[in-house]
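These are the residues of each chain, in order.
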Amino acid sequence: MTTGCVTQEQVPGAGGIVIDTYGVNMRQYQLDLADCRATASYARADAGRRGVTRAAGGALLGGALGAIVGDSSSAAAAGAGAGALLGGVSGVGSSYSEERYIVRNCLRGRGYRVLN
C-alpha cells in the first residue's frame, strides 16, 4: 500500500480542527491557534449579544402568536417562553459556529492547510 502525502494530527485544544501537519512547526501552530481563538472569542461575545436579542424577539413573537392562537394570557406566556428559548438557542448555536469559522479562516490566512 502506498501512503498519502497528507499527515493529519488532532491537536489538543484545537476544537476539532484538523490540519495537514506535514512541515508544520507545532510550537508555532499552538501559538497561532491560541491567537486565532482569542480573535474568535471577541466575535463569539458579539454573537452572544445577538443571541439575547434573538431571544427577546422570539419572546415577543411567541407571545403574540400564543395570544392570537390561544386567546388567553397563559397561551401568550407559553408562546413567549417557547419563542425566547428557540431564539436564545439559535443565537448560542450560531455564535459557536461563527467562532469555528473564524478560527479556521484565521489559520488558513496564516498558511496552514485546514482539512475540515
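Here the structure is a predicted model, which is why all the values come from computation and not from measurement. (Residues numbered from 1 in each chain as written. Predicted model: local features only at pLDDT ≥ 70, side-chain atom pairs only at ≥ 80, totals over all residues. Heavy atoms only, no water.)

(A) Local environment of the overall build of the chain. Scanning the chain from terminus to terminus reveals two helices and two strands. Starting at the N terminus, the α and β elements of the chain follow one another as β-β-α-α. Expressed as a percentage of the 116 residues in the chain, the buried residues total 29%. Across the chain, contacts joining residues at least 24 apart in sequence account for 60% of those joining residues at least 6 apart. On the chain, roughly 7,200 Å² of surface is accessible, and the fraction owed to carbon and sulfur atoms is 62%. (Helix = DSSP H or I, 4+ residues; strand = E, 2+ residues; numbered from the N terminus. Buried < 20%, exposed > 50% of the residue type's maximum accessible area, 1.4 Å probe, protein only. Contact = heavy atoms within 4.5 Å. Areas by Shrake-Rupley, 256 points an atom, 1.4 Å probe, with all protein chains shown as cover.)

(B) Spotlight on the state of the cysteines. Going through the model one piece at a time under the given rule, you end up with one disulfide. The disulfide partner of Cys36 is Cys106, and the gap between their sulfur atoms is 2.0 Å. Between Cys36 and Cys106 the sulfur-sulfur dihedral comes to about -70°; the bridge is accordingly left-handed. A residue pair is termed long-range when its members are at least 10 positions apart, and Cys36 in helix α1 (residues 26–70) and Cys106 in helix α2 (residues 73–109) qualify at 70 residues. (Disulfide = S-S within 2.5 Å.)

(C) Focus on the pattern of salt bridges. Inspection of every chain in the model, using the stated rule, returns three salt bridges. Between Asp32 and Arg110 there is a salt bridge whose closest N-O contact spans 3.0 Å. Within this pair, whereas Asp32 is found in helix α1, its partner Arg110 is found in the segment after α2, the two being separated by 78 residues in sequence. Classification of Arg110 by relative accessible area gives partly exposed; the value is 36%. When the shortest N-O distance is used, the salt bridge between Asp35 and Arg110 registers 2.4 Å. Linking Asp35 in helix α1 with Arg110 in the segment after α2, this pair joins segments that are 75 residues apart in sequence. The partly exposed category is assigned to Asp35, whose relative accessible area is 37%. Each of the salt bridges in this network shares a partner with another, and the network as a whole consists of Asp32, Asp35 and Arg110. (Salt bridge = Lys/Arg side-chain N within 4 Å of Asp/Glu carboxyl O.)

(D) Up close: the environment of Val114. Assignment of secondary structure puts Val114 in the segment after α2. Residue classification places Val114 among the buried residues on the basis of a relative accessible area of 13%. Residues Val114 and Thr21, 93 residues apart in the sequence, show an inter-C-alpha distance of 9.4 Å. In this structure, Val114 is in contact with Ile17, Val18, Ile19, Arg104, Leu107 and Arg108, ignoring residues within four places of it in sequence.

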